[in-house]
Every structure is written in structure tokens, then in C-alpha cells.
Amino acid sequence: MSSRPIRITTTEQNISFNAGGHDPRKTSTALDLVSGCHDQTSNTEAPTKISEDRHKEMSSPFIGLLRVPLLLLLLYGFVCSLDVLSSAFQLAGGKVAGDIFKDNAILSNPVAGLMVGILVTVLVQSSSTSTSIVVSLVSSGLLEVKSAVPIIMGSNIGTSVTNTIVALMQAGERNQFKRAFAGATIHDCFNWLSVLVLLPLEVASGLMSFLARVTVSGFQLHSGDEAPELLKTLTEPFTKLIIQLDKSVITGIALGDESMRNHSLVKVWCKSGVFVSSVNVTAAAAQNCSAGLHCGKDSNLTWIIQNISKPINTEKCRHLFVDSGLSDLAVGLVLLAGSLMVLCSCLLLLVKVLNSLLKGQVAKVIERVINTDFPYPLGWLSGYLAMLMGAGMTFIIQSSSVFTSAMTPLIGIGVISLNRAYPLTLGSNIGTTTTAILAALASPREKLPAACQIALCHFYFNIFGILLWYPVPFTRLPIRMASALGERTAKYRWFAVLYLLVCFLLLPCLVFGISLAGWQAMVGVGAPFAALTVFVLLVNLLQSRSPTHLPKTLRSWDFLPQWMHSLKPLDKLITKTTALCCSPARLNDPDVVVVSPDTINIKPESKKQAEQWYDNPALSLPEEISSEPRVFRLKGLERCNSTPL
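All figures in this text were calculated on a predicted structure; none of them were measured in a lab.

Rules behind the numbers
- Residues numbered from 1 in each chain as written.
- Predicted model: local features only at pLDDT ≥ 70, side-chain atom pairs only at ≥ 80, totals over all residues.
- Heavy atoms only, no water.
- Helix = DSSP H or I, 4+ residues; strand = E, 2+ residues; numbered from the N terminus.
- Buried < 20%, exposed > 50% of the residue type's maximum accessible area, 1.4 Å probe, protein only.
- Contact = heavy atoms within 4.5 Å.
- Lys, Arg positive; Asp, Glu negative; His and termini not counted.
- Salt bridge = Lys/Arg side-chain N within 4 Å of Asp/Glu carboxyl O.
- Polar contact = N/O pair within 3.5 Å; in protein donor to acceptor, adjacent residues only side chain to side chain.
- Axes fitted to C-alpha atoms, helices over the stretch in contact; angles between N-to-C directions.
- Parallel < 35°, antiparallel > 145°, perpendicular 65-115°, else oblique.
- Left-handed = near helix turned anticlockwise from the far one by under 90°.
- Nonpolar A, V, L, I, M, F, W, Y, C, P; charged D, E, K, R; others polar.
- Expected span 1.5 Å × (residues − 1).
- Bend = angle between axes of the 7 residues up to and from the residue.
- Core = buried A, V, L, I, M, F, W, Y, C linked by side-chain atoms within 4.5 Å.

Asks: Please give an account of the overall build of the protein that cites residues and values.
Replies: A tally of helices and strands in the protein yields 22 helices and seven strands. Taking all 645 residues of the protein together, the buried fraction comes to 39%. Within the protein, residue pairs in contact and separated by at least 24 positions form 78% of the contacts whose partners lie at least 6 positions apart.

Asks: A description of the side chain of E202 should follow, citing residues and the corresponding values.
Replies: With respect to the element layout, E202 can be found in helix α7 (residues 174-205). Of the side chains bearing the opposite charge, K146 lies closest to the buried E202, which forms no salt bridge; the N-O distance is 6.2 Å. Side-chain polar atoms of E202 contact the side chain of S209, separated by 3.1 Å. What E202 contacts, discounting residues up to four positions off in sequence, is K146, V149, M153, L207, M208 and S209.

Asks: For the pattern of salt bridges, give the residues involved together with the corresponding values.
Replies: This model, assessed by the stated rule, comprises three salt bridges. One salt bridge connects E487 with K178, and the closest N-O pair in it is separated by 3.8 Å. Linking E487 in helix α17 (residues 477-491) with K178 in helix α7, this pair joins segments that are 309 residues apart in sequence. Look at K178 and you get buried, because its relative accessible area is 17%. Across the pair D323 and K316 runs a salt bridge, and its minimum N-O distance is 2.8 Å.

Asks: An account of the packing of helix α13 (residues 381-397) against helix α14 (residues 400-412) is requested, with residue identities and associated values reported.
Replies: In contact at an axis separation of 8 Å, α13 and α14 are set at 120° when each is read in the N-to-C sense. It follows from the interaxial angle that α13 and α14 lie oblique. With respect to the hand of their crossing, α13 and α14 are arranged in right-handed fashion. Two secondary-structure elements touch here, α13 through G390, M393, T394 and I397 and α14 through S400, V402 and F403. Taken together, the residues of the contact of α13 with α14 sort by class into four nonpolar, three polar and no charged.

Asks: Account for helix α19 (residues 519-545), with residues named and values stated.
Replies: Across its 27 residues, α19 extends 37 Å between first and last C-alpha, which sits within 8% of the 39 Å expected from 1.5 Å per residue. In α19, a bend of some 25° at G526 exceeds every other bend along the element, and P528, a proline, comes one to four places later. Among all positions of α19, only M522, V539 and Q543 are buried. Looking at the buried residues of α19, the elements they touch are α3 (110-124) and α18 (494-516).

Asks: Tell me about the nonpolar core, and name the residues and values.
Replies: In terms of nonpolar packing, the biggest core is built from 101 residues, with F101, M153, I243 and L335 touching the most fellow members. Not counting residues up to four positions away in its chain, the partners in contact with I243 are S87, L91, V266, H319, F321, V331 and L335. Counting 14 residues, the second-largest nonpolar core is a separate cluster that includes A182, I186, F190 and L426.

Following this line, the structure appears as C-alpha cells:
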């Protein structure tokens, strides 16, 4: 008689079984149908379990010691993969970014400049690269500082896409994903809200550019040495073996140098020199020969010795793609795929190692130290201390993207709360502006004033943003917005990808395209959209706070079609699409029995619980609701002489 295990696949996800006396709320994916057989074998397995427990207790300190270097190794691989990911984006879209910066007439439009800053920073995955291009444009006189401020604001928004991508890697566990996505998008919400207030203020008054100009003129600035970068000192020995880029190509294209268009971004020669040769130049006139030159006469001709210098390449770079012969786009796509694989692997392993280290009393102590406020009346100082910590850490590692991306998995596993992550992120913004100021002070003399003004504009933007959205508790809108995005993402996981595409690609492209048509088109499209947005926000506020002041029709959005006020229709469409892609292979398995509500009468405990399961599965059921059919294994049939189903 066959003894292979039988799997039962259900076509409905919201099902609770009450078999063998089990509690339906403790549904497991494995149903033990032969409990008697299990009881008979439990006594023989007891000594084995005791010995295994003793072995685990003896080996746990040694395993704990091994986890610390493993954690550091995974963190190093995570940071290196971020660096290679930035290089991949620059190879794939660097020349396009240079072409975008090339049209200086478009950049004089502040809205277009804002969208250009977002798109270029997303394309090259580096705010420092886009900022250096802007510095070159300003120092060469092709762009004014006032026109460069919106681009800096856009680069501040675009740089937050990195930690949002990192948050997508934690989509496997619903609650972790909710916290991680909220922690990543809190940076986006702060930047967007700050731009909505400060960009019109800058266009109307030129406040930030004026403050930057006054600050630069008040100091006697001299070009100095470049600040040491601790993180690059650690990662460059490894990343330089993979790829090295010639970033002057992007800057040259942005400045209008067409010869740079035929150059590859992949750096081939790392060292170059100057070859000097002496040649004889003949001249017909005798007066060309003077005592200051080495010259001579031959009949009617006069020859002069001149030194001609010629740059030559002396040493090739040593990385994987130095002699590959591939195009920039091909190399960029290869590096993009590889860096994303390494990034996902390192992040998943990093979360697992952190979960194993930070558990029990250790997790409680760390969480208490990080998230606890000072006692009354000094509790308000805790956030500002966290802000200083974020600024200091970012100043040390010289990268806000790395700091916020490394903080995202800690938010996901619950070590750092969202309320504490907010001041840490704001401090990281301040830290990255201080490093930009130090980098500007190391600029050449001709670029020094422009570089310092742009770095100070970036600094003032973040300072004014903090003054707007942090000191008073009820103004901390980014926390509430990020929490709402996290809840929405926990309910519909595909919403995270939609958010990423809309906020960092589709919306900037759409607004940039409208801005090219002129300010009349922008006002014609933007004014109705802004009025509709304000109306919807006001109605939502009244619906939640004082619905009696609204007409009966507006007390809910049910009078609209469902797709206009709910994501459920889109969710059903995406669920059906993924089910068509993934389910047939499993349903054709001969060991799978399809169980539907027509064949088994299974009901939830109550109507209210069924509604909770459908409306928000993340907050009701302990198990994950997967897009694939659920499989139940029937254990014990292969050990006992029972009749197969």
C-alpha cells in the first residue's frame, strides 16, 4: 500500500480548520491526522531531544561569538553592493543625465529644475554626482545659483530612493515590511513636504540663495585639502576591483563638450603622464631667431628648437571590465543585476543574524536604550540627541544613503521605533550637508564660491525643513504619513512598487513634460489638481473629526465607483494575474487535492472576524496570507497502517 504523504491545497485563503480538537485560531500548515501514532512515538524521542538540547546549550556561546564577525562581513557586503549599484546606475543612465543638464534654458524653470534633480539623482543613484555637475555648471557661468537651488532640492528627494529599495527586500514578513517601509518613506515624506513649502518661498524671495551668498562673502574662503572619507577607505579596495568610472564624462556632456559623448564611462587608464619632445621648427624670416631661443640658420631658412608636450597613458586600471569590450549600458545592466542579488542576499542574511542576536533580554535592553526618552521635563531633548547621533554617524561614514539604508532593517525588526527613526533621519540630512560643505572647501579656486554657495543652500534647506516639521509635535506630519504608507503596504504589498514607480519616475517625468510647455500649461493643469487635492484632504479630515458638518452624500466616498476610493479592485486584478502565472503548476500536481467551500463546509467564527480577515489580514491572522494556494501536509500516514484518503 502506498505511504506517500498527501497534500491538500485550498482555493480559499481565509479558512480556519477545526480538526482533531485543534483551536481554529491556531491553524497550522501541517495537520496531524493520526494523533495516536504520534503519542506512541513521543516517549522514544524524549531522550534524544534532551541530548540535543544539552548540545545546543553548550554550543550557543561559540555560535554567538561567530555571529558578530558574520554581521560585520554582511554589513560590509551590503555597503559595497550599494556602491556598485550606484556605479551601475551611472553606467546605464549617466550620459542621459548629462543630456538632461545640458539644456540650461529648461533649468531656469524652478519646477523643471526640481524634477531634473529628482530624475538625475535616481538615474545615477548618487546625490554627490548630481551636485558636482551643478557646481560645474554654476562655476562655468552656465547656471545661476538661484536656478540651482531647485535642482539641489530635487537631488535631496532622489537620494531617498535607495533606502526605499532596501525596504522592498523585507517584503517576506508582513509586519517587518510594514515597519521597514514606513521607516524608509519617512525621509521621502519629509523631503516632499519641505519642497512644497520652501520651493515657492525660494522662487518668490530667493531666501536660501541670499543667505548662502551672504555667508560666503562674510568669510575669507581658501581652497584646502579634501576631507578624509572613512567609508570609501574601507570599501574602495574591493569595489575598485569590480568597476571604476570616469565621472568627468557626465560633467563634460552637461557642460556641452560633444567630444565626451564618444568616451566610455568605464575607466581604462588609471595613470597618465606627459611626454616632452624637442622638434625643429623652420621659419622663413630671420627675425624669428632671438637669443632666448635655441635656433640656427641654414641658407635662407631659420630653424627653432621647440618642446612639444603630449599626454600619454602609462598604467591600465585593474578591474573586471577594463578589457571587456562591452558597451556602458551592457556593463551597467550586468552590474545592476549582480549588485541587486548581493544586496538582497546580504540584507536577508543581515536581518536573520540581527534577529538571532537581538532577542530576549538583549533586544529589550537595546530597544529601551534607543527608544526611551529622558525623564520629565527633559523628554523633548531625546529627539535632538538622536538628531546629533544621526548627524555624527553620517559625518563619519560620509554617506546619508548608507546610514538610512543600514537603519531600515533595524526599523523592520523593531529595534528602532518610527518615532526615533525620524530624528535620526533628520540628523543624517544635516550630516550629509556638512560633508558637502567640507567637499566644497576642497574645490579648486575658480569653483570655490559656487561650490560653497550650493552646499550652503543644501544645508539651509534641511535646517528650514527641520524647523517646519519637527519642533512642535503636531507638525510632525512625516511620521503620520509614513505610518499610513506602511499600513497600506502591509495590506497590499504591491503598493510599495507602485509607490516607487509613481513618486520617483512617473510623477517627475509627467511634471517635467508639462513644465516644458510653459507656465500657462503648468497653471492650467496644476491649479485644478491642487484645488482637488485640498478639497479631498479637507473632506477626509471632516469625515474623521466632524462628519455632521458635511452633507450626507459626502460623509463617505461610497457614492463614487469603488476603484476611485479603494485599492481592492486593483488588488483583485493583480491577485488574479499572479494566480494565473503561479497556480497552474501546483494545481496539476497529482498529490494535490483541491478543497473548495463547495466540498467542505468551513466557516469563520463570526461575520465580524471574516470582515477583519478580508479588510486587513495583517492585523488579524498570525499566519501570512500568500498569493499562492495554501498547502496542508497530512503527517503520520506513512508510519501507521491507516487507510489513505
